[in-house]
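# Secondary and tertiary structure notes
These are the residues of each chain, in order.
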Amino acid sequence: SMASPALLMRVVASAYSVAEKAATIVRNVMSAGDLGIVEKAGPNDLQTKADRLVQMSICASLARKFPKVTIIGEEELPTDDVTEDLIENGHSEEILKKPCPPQYTGIKEEELVIWVDPLDGTKEYTEGLLDHVTVLIGIAYGGKAIAGVINQPYYNYEAGANAVLGRTIWGVLGMGAFGFQLTEAPAGKHIVVTTRSHSSALVNECIAALNPDHVIRVGGAGNKIIQLIEGKASAYVFASPGCKKWDTCAPEAILHAVGGKLTDIRGNSFQYNKEVKHMNSAGVLATLRNYDYYASRIPNTVKESLVP
């Protein structure tokens, strides 16, 4: 008989279904019309009813199936009993059928940390820039991002009334990433994707030093990694301390699974063990290809301004 699937594949298969449930919640909150917006640290740091419900759904659903896994979510929420309608018990059969990369077959529940951003691009969500919005579930082992799920609840939303909304991208290191068409940015073009709502003199100085042909300003870390893996941008550059571990864990795993690279602006790898501080205080530099080209052009003044 077949051995039962390795824990990692069971977690990813569940996270896939949990992310699809999350997308439904995101769309339902929007269509009901009351976003329940709360300012956290200021007008660019918002939380909506969708952020709250989705985080409860993701964390409770995964904790029920994998009680010893550490789950860290963006929102500070009361640990009230979560209503049953928020629980997702399903999993992707397709993912369960795939063999686990051998280096991860022996993982135990207590060795995994799951980083959850229930709604990445909240500000854009409140402004109706729906293609910027993602749900991020990143899975870390030994401090490294090893698997991730990115759901885009509004993928295809401009394709007309009959379009199927949403898609789920997932990946595991040593296996690859799925749910999209891997495309490289045009050769010889330097297209930089960066922040839309968290710009600063330092952010702009760093981008100018790269002498890009084009700069794309969009919300959401998940969305920016999608720009890289679909060939719309050649580098994601963010010289600012605003981003957190739950923003980068899932995107990093997916990018690394297809041979890309994501670090802080100084070239240091991120650590995702449960004790780590949540802030990525030295910014983000990510590419699908040609990482060294961009890394070598980050000014020292910028690196010195951002302390890990």
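Residues numbered from 1 in each chain as written. Predicted model: local features only at pLDDT ≥ 70, side-chain atom pairs only at ≥ 80, totals over all residues. Heavy atoms only, no water.

Let me state the cut-off plainly: UniProt positions are given in the numbering used here, feature names are shortened, and annotations may be inferred rather than shown by experiment.
Under the annotation held in an unreviewed UniProt entry, the protein chain carries the name 3'(2'),5'-bisphosphate nucleotidase 1 and is attributed to Melospiza melodia. The record in UniProt for the protein chain states the following under Cofactor (unreviewed entry): "Mg(2+)". Recorded under Sequence similarities (unreviewed entry), the UniProt text for the protein chain is reproduced unchanged: "Belongs to the inositol monophosphatase superfamily."

### Looking at the nonpolar core
As a reminder, the rule being used: Buried residues of nine kinds, namely Ala, Val, Leu, Ile, Met, Phe, Trp, Tyr and Cys, make up a nonpolar core once their side-chain atoms join them within 4.5 Å. Any residue under 20% of the maximum accessible area for its type is buried, any over 50% is exposed, and the rest in between are partly exposed; the area is computed with a 1.4 Å probe on protein chains only. Counting from the N terminus, the helices are the DSSP runs of H or I reaching at least four residues and the strands are the DSSP runs of E reaching at least two. Contacts: residue pairs with any heavy atoms within 4.5 Å of one another.
With 102 residues, the main nonpolar core has Tyr125 and Tyr236 as its most contacted residues. For this core, the element with the most residues is helix α1 (residues 7-32), which contributes 14 residues. Residues in contact with Tyr236, not counting those within four places in the same chain, are Val193, Ala221, Lys224, Ile225, Leu228, Cys243, Val284, Leu285 and Ala286.

### Things to note about the UniProt feature "binding site: Mg(2+)" (unreviewed entry) in the protein chain
Here, the residues flagged by UniProt with the feature "binding site: Mg(2+)" (unreviewed entry) are Glu74, Asp117, Leu119, Asp120 and Asp247. In summary, the annotated positions, though distributed over 174 residues, converge in three dimensions, the widest C-alpha pair being only 9.7 Å. Mapping Glu74 onto the fold places it in the loop between β3 (70-73) and α3 (93-97). For Glu74, a relative accessible area of 21% puts it in the partly exposed group. Residue contacts for Glu74: discarding those within four places in its chain leaves Lys40, Gln55, Val116, Asp117, Pro118 and Trp246.

### Observations concerning the pairing of strand β7 (residues 167-172)
Rules: We call two strands paired when DSSP finds no fewer than two bridges between them.
Extensive coverage of β7 is indicated by the burial of six of its six residues. In β7, alternate side chains face the same way, and those of Arg167, Ile169 and Gly171 on one face and Thr168, Trp170 and Val172 on the other are all buried. Looking at chain direction, strand β6 (residues 144-152) and β7 are connected through six bridges and run antiparallel. Its bridge partner being in β7, Ile150 is matched across the sheet by Ile169. Where β7 meets strand β8 (residues 176-178), three bridges bridge the pair, whose relative direction is antiparallel. Residue pairing for β8: Gly171 is matched across the bridge by Ala177.

### Regarding the packing of α1 against helix α2 (residues 49-65)
As a reminder of what qualifies: Axis definition: a line fit to C-alpha positions, over the contact stretch in the case of helices; interaxial angles, taken between N-to-C directions, run 0 to 180 degrees. Roughly parallel means an angle under 35 degrees; roughly antiparallel means over 145; roughly perpendicular covers 65 to 115; every other angle is labelled oblique. For any helix crossing, the convention is left-handed if the near helix is rotated counterclockwise from the far helix by under a right angle, and right-handed if that rotation is clockwise. Note on residue classes: Ala, Val, Leu, Ile, Met, Phe, Trp, Tyr, Cys and Pro are nonpolar, Asp, Glu, Lys and Arg are charged, and everything else, Gly too, is polar.
With their axes 9 Å apart at the nearest point, α1 and α2 run at an angle of 160 degrees to one another. Taken together, α1 and α2 sit at an angle that is classed as roughly antiparallel. For the crossing formed where α1 meets α2, the hand is right-handed. For the pair α1 and α2, contact is made by Ser14, Ala15, Val18, Lys21, Ala22, Ile25, Val26 and Val29 and by Lys49, Ala50, Leu53, Val54, Ser57, Ile58, Ser61, Leu62 and Lys65, respectively. Class assignment for the residues of the contact of α1 with α2 results in 11 nonpolar, three polar and three charged.

### Considering the packing of helix α6 (residues 221-229) against helix α7 (residues 245-257)
Two numbers describe how α6 lies on α7: the axes approach to 9 Å, and their chain directions differ by 15 degrees. Here α6 lies roughly parallel to α7, going by the angle between them. In this structure, α6 crosses over α7, and the sense of that crossing is right-handed. Contacts from Ala221, Gly222, Ile225, Leu228 and Ile229 in α6 reach Asp247, Pro251, Ile254 and Leu255 in α7. The class makeup of the residues in the contact of α6 with α7 is seven nonpolar, one polar and one charged.

### As for the environment of Gly121
Summarising the element assignment, Gly121 is placed in the loop between β4 (112-120) and α4 (122-126). Taking the C-alpha atoms as reference, Gly121 lies 12 Å from Val26; in sequence the two are 95 residues apart. When near neighbours in sequence (up to four residues on either side) are disregarded, Gly121 contacts Val133 and Gly220.

### Some remarks on the sheet that holds strand β13 (residues 284-287)
In space, the five strands of this open sheet follow the order β10-β9-β11-β13-β12, with mixed pairing throughout. Here the strands that pair on one side only, and so sit at the sheet edges, are β10 (214-217) and β12 (261-263). Strand-to-strand twist of the sheet, defined as the mean angle between neighbouring strand axes without regard to direction, takes the value 20 degrees. The strands touched by helix α5 (residues 201-209) are β9 (191-194), β10 and β11 (235-238); relative to β9, the strand with the most contacts, the crossing angle is about 165 degrees. Where α6 meets the sheet, it contacts β9, β10, β11, β12 and β13, and its direction lies at approximately 150 degrees from that of β11.

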